[in-house]
Amino acid sequence: METCNAAVITEHNKPLTIQQVKIPDLDPGSLLVRITASTLCGTDVHRWHGPLGDKDTLPIITGHEPCGTVQDIAGERTDILGNPVKRGDRVVWSYVACGSCYYCAVACQPCICRGRASWGHNRSDQHPYLLGSCAEYMYVPKECLIIKVPDEVTSASAAASACAYRTVMHGYDRLGAIKSHETVVIQGSGPLGNFATAVAKDHGAKKVLVIGAPANRLEVTKKMGADAVLNLEEVPEEKQRREWVKDHTDGRGADVVVQVANNMAVPEGLTLLRDGGRYLNIGAGGKANIAVEKIPQEMLFITIRSGEPRHWLQAIDFLASRRKTFPFEEMISKSYSLDQINQAMEAMANYSVVKAVINF
Ligand SMILES: [Zn+2]
Ligand SMILES: [Zn+2]
């Protein structure tokens, strides 16, 4: 059995090691993809620091944001649009929902399917071994939907669409239309925040206000279409931040608030929203309590998990069709080789980069 190089977490909080991991035989309908880029995500850092799911055990190949070229296909496959998939095609691919549980079949909410499969937390010593993106190859199960990446989208941006960007697309899908008189506040200026800024602007918001940090991330945020940014490090008082939003919204508060930081941002975020506004809650992690009596009247609270296959397609389409309006490549701040995985993970952990990419 052949092997390939992969960045493996063998112990939490300890340096990752480059190991030789088995390349599995392909089951009918599955693919082997040679990875061209793997972007890193906050979740990779959380999983490195400690287990996220009860069932996760080590060793695992880190990473769940892959883009790559098709190396081998077991049989015939088509992409999400019905076009044949060929060897050499550059692709991204969706997670897997079971299709037959209550959430998939009755509620039509496959992102909360209890039998869902995702990447970056699967044991690298058990079949099919290659289910993490920081590896030379990945195994793509037959249930995954394939999205081809057009030439004008780089592998790094396409990889980021496999988690951060498609989640943002899912959020706006559930939020519905943004009207041309509406102001959107984005809480967070990481990759999700910056992409969410571009999409809010593109969807017609009158004003997009972003609260985030540090300054280097906010510089990118401005280029992604923010009308105004507020640096959390310079304005540490919650009250002052609320005043800033009120000043921009005739004293009402925002029509829409998009939370792409973490749970700790939610109590403040609700105070930035006008009565009757919509709160789109995307960022996960951390703990917070909400005072029910302070919730705005007639508001909508929308929560998001992951994305459906069409959101992968929407993210890739957005990157291709809006590339002249938004400098997406600036969100990928630093490139590393697979051997530099520990430097890349550290850079993500201390927020010195917006998004790190492992290029192969
Ligand atoms: Zn992610
Ligand atoms: Zn299901």
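Our structure is the block above this text.
Quick look at the structure, then. (Residues numbered from 1 in each chain as written. Chains lettered and ligands numbered in written order. Predicted model: local features only at pLDDT ≥ 70, side-chain atom pairs only at ≥ 80, totals over all residues. Heavy atoms only, no water.)

**Digging into the sheet that holds strand 1 (residues 3-9)**
What counts is decided by this rule: In this description, strands pair whenever DSSP reports at least two bridges between them. Strands here mean DSSP runs of E at least two residues long; helices mean DSSP runs of H or I at least four residues long; both are numbered from the N terminus.
Overall, antiparallel pairing links the three strands, which are arranged 2-1-4 in an open sheet. Both outer strands of the open sheet, strand 2 (17-22) and strand 4 (60-61), are each paired with one neighbouring strand and no more. In the sheet, strand 1 pairs with strand 4 via two bridges, with the strands oriented antiparallel. By the bridge assignment for strand 4, Val8 is matched with Ile61.

**A short note on empty space enclosed by the protein**
The criterion, for reference: Whether a set of points on the 1 Å grid over the protein atoms alone is a cavity depends on a 1.4 Å probe fitting there but being unable to get out, while an open set qualifies as a pocket with protein on both sides within 12 Å along at least five of seven lines; lining residues are those with an atom within 4 Å of a point. Grid points are joined across faces, edges and corners, and a volume is the space filled by probe spheres set on the points. Put simply, Ala, Val, Leu, Ile, Met, Phe, Trp, Tyr, Cys and Pro go in the nonpolar bin, Asp, Glu, Lys and Arg in the charged bin, and everything else, Gly too, in the polar bin.
A full pass over the atoms with the stated rule returns one cavity of 30 Å³ or more. Size it by volume and the largest cavity reaches roughly 40 Å³. Forming the boundary of the largest cavity are His12, Arg47, Pro51, Leu52, Asp56, Thr57, Leu58 and Ile60. When its residues are assigned to classes, the lining of the largest cavity shows four nonpolar, two polar and two charged.

**Here we look at the environment of Tyr137**
Counted only if it meets this: Accessible area is worked out with a 1.4 Å probe on protein chains only. A residue is then buried under 20% of its type maximum, exposed over 50%, and partly exposed in between. Any two residues whose heavy atoms approach within 4.5 Å at even a single point are treated as in contact.
Summarising the element assignment, Tyr137 is placed in strand 7 (residues 137-140). The class of Tyr137 is buried, set by a relative accessible area of 17%. Not counting the four nearest positions on each side in its chain, Tyr137 is found in contact with Cys4, Ile23, Leu32, Val33, Arg34, Ile35, Gln71, Leu130 and Gly132.

**A few points about the coordination of the zinc ion (ligand 1)**
Spelled out, the test is: The donor set comprises N, O and S atoms within 2.8 Å of the metal, extended to 3.2 Å for Na, K and Ca; water molecules are omitted, so apparent gaps in a site may simply reflect that omission.
Bound to the zinc ion (ligand 1) are the protein donor atoms Cys41 (SG), His64 (NE2) and Cys163 (SG), situated 2.0 to 2.2 Å from the metal. Donor residues for the zinc ion (ligand 1), ordered by position in the chain, follow C-x22-H-x98-C. Taken as a pair, His64 in the loop between strand 4 and strand 5 (66-73) and Cys163 in helix 3 (residues 155-175) lie far apart in primary sequence, 99 residues in all. In this structure, His64 and Cys163 share a single accessibility class: buried.

**Some points on unusual backbone geometry**
Along the chain, Leu58 connects to Pro59 via a cis peptide bond; the corresponding omega equals 5 degrees. Checked against the element boundaries, Pro59 lands in the loop between helix 1 (42-49) and strand 4. Cis geometry marks the peptide bond from His127 to Pro128; its omega dihedral reads 0 degrees. Relative to the assigned elements, Pro128 resides in the loop between helix 2 (102-106) and strand 7. Of note in this structure, Asn13 is not a glycine but carries a positive phi near 70 degrees.

**Thoughts on the coordination of the zinc ion (ligand 2)**
Where we set the bar: Irregular is the default label, applied whenever a site is not tetrahedral (four donors, all angles between 85 and 135 degrees) and neither square planar nor octahedral (four or six donors, opposite donors over 155 degrees apart, all other angles between 65 and 115).
Bound to the zinc ion (ligand 2) are the protein donor atoms Cys98 (SG), Cys101 (SG), Cys104 (SG) and Cys113 (SG), situated 2.3 to 2.4 Å from the metal. Considering all four donor atoms around the zinc ion (ligand 2), the spread of angles at the metal, 104 to 119 degrees, places the coordination shape in the tetrahedral class. In terms of primary sequence, the donors binding the zinc ion (ligand 2) are separated according to C-x2-C-x2-C-x8-C.

**Some details on the pattern of salt bridges**
For the record, the criterion: Every case where a carboxyl oxygen of Asp or Glu lies within 4 Å of a side-chain nitrogen of Lys or Arg is listed as a salt bridge.
All chains considered together, the criterion is met by 18 salt bridges. Between Glu65 and Lys355 there is a salt bridge, with its nearest N and O atoms 3.1 Å apart. Here Glu65, found in the loop between strand 4 and strand 5, pairs with Lys355, found in the loop between helix 9 (341-349) and strand 16 (356-359); they are 290 residues apart in sequence, far enough to count as distant. When sorted by exposure, Glu65 lands in the same class as Lys355, which is buried. Across the pair Glu330 and Lys223 runs a salt bridge whose closest N-O atoms are separated by 2.8 Å. Within this pair, whereas Glu330 is found in the loop between helix 8 (309-321) and strand 15 (334-336), its partner Lys223 is found in helix 5 (residues 215-223), the two being separated by 107 residues in sequence. A relative accessible area of 46% means that Lys223 is categorised as partly exposed. Salt bridges sharing common partners tie together Lys86, Asp89 and Lys148.

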